[in-house]
Amino acid sequence: MKFTAFLKKLFGSKHDRTVKKLLPLVERINQFETEYQQLTEEQLIAKTEEFRERVRNGEKLDDLLPEAYAAVKNACRRMYGRTISVTGDEIVWEMIPYDVQLLGAIHLHSGGIAEMQTGEGKTLVAIMPLYLNALSCRNCQLVTTNDYLARRDSEWVGFILRYLGLTVGCIQHDMTPAQRRAEYAKDVTYGTNSEFGFDYLRDMGMARAKEHLVQRDHFFVIIDEVDNILIDEARTPLIISGPVPDSSHQYDRLKPDIEKLVRKQTQLCTELVQEAKATLSQEGVDDDARYEAIMKLTKVRLGLPKHKQYLRLMEEPEIRNAVDKQELQMHSDQYRGLMQEIKDTLYFTIDEKHHDADLGELGRVTLRPDDPDAFVIPDLATQFADLENESLTDEERRAKRESMQKRFDERSEMLHNVSQLLRAYCLYEKEVQYIIQDNKVIIVDEFTGRAMPGRRFSEGLHSALEAKENVTIEGETQTMATVTIQNYFRMYEKLAGMTGTAETEANEFHDIYKLDVLVVPTNRPCVREDYDDRVFKTRREKYRGIVEEIRECHERGQPVLLGTISVDVSEILSRMLRRMRIPHNVLNAKYHQQEAEIIKLAGQRGAVTIATNMAGRGTDIRLGAGVKEVGGLHVIGSERHDSRRIDRQLRGRCARQGDPGSSRFYVSFEDDLMRLFGSERIGKLMERFGLQEGEELAHPLLNRTIEGAQRKVEQHHYSIRKRTLQYDDVMNKQREVIYARRREILTCEDTRKLLFDYLDTSIYERVRMNLRDEKNSGYPFDREGLLKWLQQTFPIGFNDEMLEVEPGSFTVEMLTDRLLKRVEEVYQAKEKDEDPEAVRWLERQVMLAAHDKPWQEHLYAMDNLRQEISLQSYGQRDPLVEYKRVAREIFDELISTIDDEIANNTFRSATSLRALENMLAAMPRREVHREAAQFDTAGATASRQPVGAAAGQQRLSTNSGEGGPPKIAPFQREEPKVGRNDPCPCGSGKKYKKCHGQ
């Protein structure tokens, strides 16, 4: 470490070296800008069209950068002093880019992240790379954290882009598709990540015609507050849901039992704490009695880690260290049996670090005393195998299998519901993770403190919270389209971002997004003073210390911004300030509408503002008159966040552009961060410093220890996000295939040709599936099986004669072409009496419908598979490997199902009854009645093997088949399936069937 510091001092940091390389480019920009000062206004504006023409003639954007940036800087200079209207307010333009802002803008164009401190003008920086990339005539986008900032920035700095001749749009939540399409058609579009993401899902997954698409492409995007969007929000996917017809949850019915269980556990833990406390308070306690007392506290940690009396007892360093040591010992292999014995004495166990709850043996007996097997999940694989050996008819065997499957589903669902209710009661707190508004459970973003109406916790947890809070349990939903934030933004050809805090997450940005972070120097030196943390034993003492410091600042007129991590804490501190008659503003999830206005006033003399840690990002806090003389804005953190980056963001709210400012964090040993990740080291420090109740500590060593705990949490969260992304990458590849097929259907001009490509593939695959050994069977394929499928799929009079082939001359391609020719002849006859335009529309709808329903069922299946796959670890198998294997099998089935569905509906859809009648009239008379009957039973013949949850579940539980006709073993591919009409992987440019698919 010392040698690294020496090298850094000698050669400068990586950021210093990068800045040094970019400085000559900054000089060129300034030289061009000096020349542009001699131009007339019309000549400067004409530069935009000149640049565009040069791009059309092949000049690269990189070569245009100095001139383009100079044009933007000169436009800012010419606008200086002018008044513009921004969200209803009149604002005087007073910004001309500094050299450090040019550095940030250069790095953004190269596809990187610019870390710039609060107040350094990131909003202005973004318009330079947006202007340059918009010269390509492709849509460029800027992503902000909320609708207000998107509208504000599009009107404020967008004013410069409009002055230079570009069009600027803004996406807002309440816009219609037509309005959105118009905004995306502009050169630059502002909006939030969720609006862009949901528009993509609606375009790719739900649009029914080319005219319904709103987005143009995914070319260049800059993400403001990139750490918040690409890291904090990356764990929550964007999901468009639809209602589920049959809701299977049991939360209402199970709620009374779970409440009873929680009360019993609370009572048990209270008794354990009191007994342990009584023992440990005695003098001269022998080792055995002390061991029993510590063991009781260890049980409480497993059963109710937030039990108030237990937390109070854990304030004693000696007791905390003993419990930590005991728990660590029990997790070792040597004491695995002891851990299980302890769990069996509890009703349930809580894993606070991993946010999980597990029903114990005592809880199972309490919930179902008359049914010891109620919570035992049946082993379907064994039961199905045993069933095959029983002497039963096919109907009896099928009925038994359905009964076994039903029992498996019911028990799995009940266990899942119980677990979610336990999590709701023991891990999720009102006013912390969620709030109640309008009789609804509203999620509170753990990083921003903002309410997120419309979003729901996944896997039934939201319904469990609704049951807990006695609000209306909204119907369960089914995913119709979904994408993660990570994979959505990785679609862009060029991705860039800016924030005040990115360096601590530089590795994650590089590993997942291939983005390099550049720390841009400040325009003026930062003079903020960061005081050592103040550490207390209890939250109560900590809150008193915070309020006392606020009182002192308020009396001398120094404004204070108090950052909290939850609604609950902000309201506790607000009540304490009211009792002391200190006027203040509160900004949390309940008052988010006034966010920008409250934050703007936070720098006025004597102002006190309580806000969640990241509230007001994107809004400058300007100091009022006389504030600099009293030390500037003072920022107080009510506790350390899990992430160092969030703490840095809070500190960064003060001392902008060389203003004075200061910051301090308050910590207690009851804080979640300290309890979960810093207990052992902190306990030793408590003993070392001899901290007593009512006393506080402040020491650089404590700061380093706390940051060490934060690093542990950051690494834990990063591993979760990376693992989640590995799973979603599987889903993303499948999504790309389906959405590419869907987009081709929407945009293709010749729908008839595309339709017959799908029919060609479907027939080819079915012929291939029916192949058999000609030497042993006397014929190269199963004529009966293939004919049955053809007659069910195409009600056009297929007969046995059409499947005759000469010995030795058979190929799959030859038979496919013959059968497809027959389909084409009848199709041509069917469409003679139809309107050509209507036929093309119908072809498009047939293909789209065949994709949409199976795809939604597939998403449901993949959700279930993702939940169940973790059980594979018990069999010493990597769940991710198993997930990839099963996911590929299910997806291959999905593609076959889609192709077959298109084939199945081709002759069951028509623009008029007359067309159907003519098609029937063209068939041989003996076929008419049979084929006409198939139109009446289209629903039955159109049914396919389900692509839903059972498909994935069956692969994990058993390989045995259902009753009825034997299934053909799926063809195992080492590489992804190549369709007959896909481009050949050899790179020839031909279709696969015309190249290596012959």
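Before any of the text, the structure's been laid out above.
Keep in mind that what you see is a predicted model, and the values were worked out from it rather than measured.

A. Spotlight on the overall build of the protein. Across its full length, the protein carries 39 helices and 23 strands. A burial count over the protein gives 54% of its 998 residues as buried. Restricting to contacts in the protein with at least 6 residues of sequence separation, those with at least 24 account for 75%. Carbon and sulfur atoms provide 49% of the accessible area of the protein, an area that totals close to 45,900 Å².

B. The pairing of strand E7 (residues 220-224), seen in detail. Counting buried residues in E7 gives five out of five residues, a clear majority hidden from the surface. Covered by surrounding structure in E7 are Phe220, Ile222 and Asp224 together with Val221 and Ile223, the residues of both alternating faces. Here strand E4 (residues 140-144) runs beside E7; their pairing, made up of four bridges, is parallel. Of the residues in E7, the one forming a bridge with Val143 is Ile223. Sheet topology note: the E7/strand E15 (residues 494-499) ladder contains five bridges and is parallel. Counted as the bridge partner of Phe220 is Lys494 from E15.

C. Examining the side chain of Thr906 more closely. Mapped onto the fold, Thr906 is located in helix H35 (residues 879-906). A polar contact is formed between the side chain of Thr906 and the backbone oxygen of Ile902, at a distance of 2.6 Å. Contact partners of Thr906, with chain neighbours within four places excluded, come to Leu755, Leu759, Tyr827 and Lys830.

D. The arrangement of the packing of aromatic side chains in detail. Under the criterion given, the structure shown has 18 aromatic pairs. Their ring planes at 50° and their centres at 5.9 Å tell us that Tyr184 and Phe196 sit as a pair that is tilted. Of this pair, Tyr184 sits in helix H9 (residues 177-184) while Phe196 sits in helix H10 (residues 193-205); the two residues are 12 residues apart in sequence, bridging distant segments of the chain. Since its relative accessible area comes to 0%, Tyr184 is described here as buried. Residue Phe196 is classed as buried on the basis of its relative accessible area, which comes to 0%. Ring centres of Phe489 and Tyr492 lie 5.9 Å apart, and the angle between their planes is 20°; on these two criteria the pair is classed as stacked.

E. Region of interest: the sheet that holds strand E11 (residues 434-437). One open sheet holds the three strands; their spatial order is E11-E12-E13, and the pairing between them is antiparallel. Lying at the two open borders of the sheet, with one neighbouring strand each, are E11 and strand E13 (451-452). Pairing of strand E12 (residues 440-444) with E13, which is carried by two bridges, proceeds in the antiparallel orientation. Paired with Val444 across the strands is Ala451, a residue of E13.

F. Structural detail: the nonpolar core. Counting 91 residues, the largest nonpolar core has Ile223, Leu230, Phe489, Phe509, Leu759, Phe794 and Val823 as its most contacted members. Ranked by residues supplied to this core, first place goes to H35 with 11 residues. For Phe509, the contacting residues outside a window of four places in its chain are Ile113, Val226, Asp227, Leu230, Ile231, Ala502, Lys514, Leu515 and Val517. By size, the runner-up hydrophobic cluster in this structure holds 62 residues, among which are Leu135, Trp156, Tyr163 and Ile222.

G. Structural context of the packing of helix H13 (residues 287-303) against helix H15 (residues 317-330). Put simply, H13 and H15 touch, their axes get as near as 9 Å, and they point 75° apart. Between H13 and H15, the angle falls in the class roughly perpendicular. Contacts between H13 and H15 involve Arg290, Tyr291, Ile294, Met295, Leu297, Thr298, Arg301 and Leu302 from the first element and Glu318, Ile319, Ala322, Val323, Asp324, Gln326, Glu327 and Met330 from the second. Its residues assigned to classes, the contact of H13 with H15 comprises nine nonpolar, two polar and five charged.

H. Structural detail: the packing of helix H12 (residues 251-280) against helix H19 (residues 394-426). Contact geometry of H12 with H19 gives a least axis separation of 10 Å together with a crossing angle of 55°. With respect to H19, the axis of H12 lies oblique. In the crossing of H12 with H19, the sense of the turn from one axis to the other is right-handed. In this structure, H12 uses Tyr251, Leu254, Lys255, Ile258, Glu259 and Val262 to contact H19, whose residues at the interface are Met414, His416, Asn417, Val418, Gln420, Leu421, Leu422, Tyr425 and Cys426. Looking at side-chain class alone, the contact of H12 with H19 contains 10 nonpolar, three polar and two charged residues.

Quick notes on the rules
Residues numbered from 1 in each chain as written. Predicted model: local features only at pLDDT ≥ 70, side-chain atom pairs only at ≥ 80, totals over all residues. Heavy atoms only, no water. Helix = DSSP H or I, 4+ residues; strand = E, 2+ residues; numbered from the N terminus. Buried < 20%, exposed > 50% of the residue type's maximum accessible area, 1.4 Å probe, protein only. Contact = heavy atoms within 4.5 Å. Areas by Shrake-Rupley, 256 points an atom, 1.4 Å probe, with all protein chains shown as cover. Pairing = 2+ DSSP bridges. Polar contact = N/O pair within 3.5 Å; in protein donor to acceptor, adjacent residues only side chain to side chain. Phe/Tyr/Trp six-rings, centres within 6.5 Å; stacked < 30°, edge-to-face > 60°. Core = buried A, V, L, I, M, F, W, Y, C linked by side-chain atoms within 4.5 Å. Axes fitted to C-alpha atoms, helices over the stretch in contact; angles between N-to-C directions. Parallel < 35°, antiparallel > 145°, perpendicular 65-115°, else oblique. Nonpolar A, V, L, I, M, F, W, Y, C, P; charged D, E, K, R; others polar. Left-handed = near helix turned anticlockwise from the far one by under 90°.

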